[in-house]
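Chains, contacts and geometry: an overview
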Amino acid sequence: MRRWISSLSVLALAAAASLPAQDFEQVVVDAHQQGRPLRHFWEEMFGSGRAILTLRDSYRQDMRTVKKATGFTYVRPHGIFMDEVGVYDVDAQGKPVYNFSYVDQIYDGLLDEGVKPFVELSFMPKKMAADPNQLHAFWYKQNISPPKDYAQWDDMMRAFATHLVDRYGIEEVSTWYFEVWNEPNLDFWGGKPSMPTYYELYDHTVRALKSVNEHLRVGGPSTAQAAFTTEFLAHCKEAGVPVDFVSSHIYANDTAKDVFKTDEQIPRDRMVCRSVKKVHDEIAASAFPQTPFILSEYNASYANEPNVTDSVYMGPWMADTIRQCDGMVDIMSYWTFSDVFEEQGVVKTPFYGGFGLIAERGIPKPAFNAYVLLHKLGDRRLDVDSESALATKTKSGALEIALWNYAPPEGTGASYTKETYAGAEKTFEVQLKGKTAATATVWRVDANHGNVVKAYDEMGRPATPTRLQIAALRKAGALAAPERLAVKNGKLTVHVPARGLALVEIR
């Protein structure tokens, strides 16, 4: 529960002193604590546009930028088997012809950047599909049909895995993940009924891949809305098929009706981790209680909402999501690292509520800067009595403390509502125990720090910025230089505006 009592008392004092209304919270950080391990589960993997996009220079430039900021290990694109990648064809006699030329360019390119593939095994080559015309509504019209003959699918899985192992070696490929399909409980899978036919796909796929090498890591069900974990694991048990990890997806604007089958109104800052707990608990109660859980897609919205994913709102939302989800999930894959992305077609304008950390033309969003700040968190989490703070300690003994002032976004939906940055400022008094310092270093993401949207608004939101405007936006979106704050008598005061995030470093 947020500290309304202390907030109210301070509000009263502030009013008496004719100060602007503000919230207040004291955060006690005891550096004597050993703390508990904090895996940087939020930055190990990112989602991306479909696999063929990895061949573009703009994709790789963005990947380098995010890799440098976060050190991420895995990327998860859709569609390695789409016809544009050219994996599958048939000859004049109807025999399969495999071509892994683009696959090699795709994976070589990732590995050259120090990023491993999280291989989403999708979508169906049209010449293998039971229905070549069963296409998804996305701009690139991927085929969502089951195979017309599972023997052909199995052969392709074996050929694909054999090629990867031959090219990269099992020592490398055994560190990758192979996820069977994408969101089969929605319209990304054309089998009917959806989940029983998905289980058939899963069984064939995992058996084919494991026949090449048992060390290949295969999992699923890659469902939307945190669905079908219990049923999927029960099926694996009954069918006697391996499962090396469980994957699912959740977005903060998913509804309680879809996820929990209730009429609750779960706020945007609670939905992701409520759902993560649901899947975590379902795995724990299954016949495979130690199975790793990978949330292979999540974000604050599954729709294009410029006041959400483009805005400074993402800083506190992200920090609080880490605070809540810690300990319940192995990897969370933010959807996506870049707006080199074409599900709705060619991107028309930089700030339309794209999912990426980086807008088109390499413009960093506030969400990117939030990731830069959160990357500084240490690997030991310290207990603090706060829902607006995450205190950590590094191996060197430095304290890295995230402080945020969560407030809902200023607008929702596809249309942009001009940001006013209204809302009460929050004042944190950080009281240090077991740590002596004269100053602290503070990085910020808020209305006036690392916020390209403010500059874009001041430009008049040009749909197609000029080259000079793009250069100006890149500069405006850069993370601001840190400030130094005095620590007096073991206490530090940090003011954080609404929808602001601050990262305090004390060495």
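Residues numbered from 1 in each chain as written. Predicted model: local features only at pLDDT ≥ 70, side-chain atom pairs only at ≥ 80, totals over all residues. Heavy atoms only, no water.

Under the defined criterion, the tally for this structure stands at 1 disulfide. Two residues, Cys273 and Cys325, share a disulfide whose sulfurs are 1.9 Å apart. Residues Cys273 and Cys325 are joined by a disulfide whose S-S torsion is about -105 degrees; by sign, that bridge is left-handed. One end of the pair, Cys273, is in helix 9 (residues 271–284); the other, Cys325, is in helix 11 (residues 314–325), with 52 residues separating them in the sequence. Each member of the pair Cys273 and Cys325 is classed as buried. (Disulfide = S-S within 2.5 Å. Helix = DSSP H or I, 4+ residues; strand = E, 2+ residues; numbered from the N terminus. Buried < 20%, exposed > 50% of the residue type's maximum accessible area, 1.4 Å probe, protein only.)

Now for the packing of helix 6 (residues 194–212) against helix 7 (residues 229–239). At a minimum axis separation of 11 Å, helix 6 and helix 7 run at an interaxial angle of 55 degrees. By the angle between their directions, the pair helix 6 and helix 7 is classed as oblique. Here helix 6 runs over helix 7; the crossing is right-handed. Together, Tyr198, Tyr199, Tyr202, Asp203 and Arg207 of helix 6 and Glu231, Phe232, His235, Cys236 and Ala239 of helix 7 make up the contact between the two elements. (Axes fitted to C-alpha atoms, helices over the stretch in contact; angles between N-to-C directions. Parallel < 35°, antiparallel > 145°, perpendicular 65-115°, else oblique. Left-handed = near helix turned anticlockwise from the far one by under 90°. Contact = heavy atoms within 4.5 Å.)

What follows is about the pattern of salt bridges. Side chains that carry opposite charge are capable of pairing whenever their charged atoms lie near each other. Evaluated as defined, the whole model comprises 34 salt bridges. Residues participating in the shared-partner salt-bridge network are Asp269, Arg270, Asp320, Arg323 and Glu387. (Salt bridge = Lys/Arg side-chain N within 4 Å of Asp/Glu carboxyl O.)

This next bit is on helix 9. Its 14 residues give helix 9 an end-to-end C-alpha distance of 20 Å, which sits within 8% of 20 Å, the value for a rise of 1.5 Å per residue. Of the positions making up helix 9, those classed as buried are Met271, Val272, Cys273, Ser275, Val276, Lys278, Val279, Glu282 and Ile283. Looking at the buried residues of helix 9, the elements they touch are helix 7, strand 10 (245–251), helix 8 (256–259), strand 11 (293–299), helix 11 and strand 12 (331–334). (Expected span 1.5 Å × (residues − 1).)

Everything listed here is a matter of coordinates, which is why it stays silent on function.
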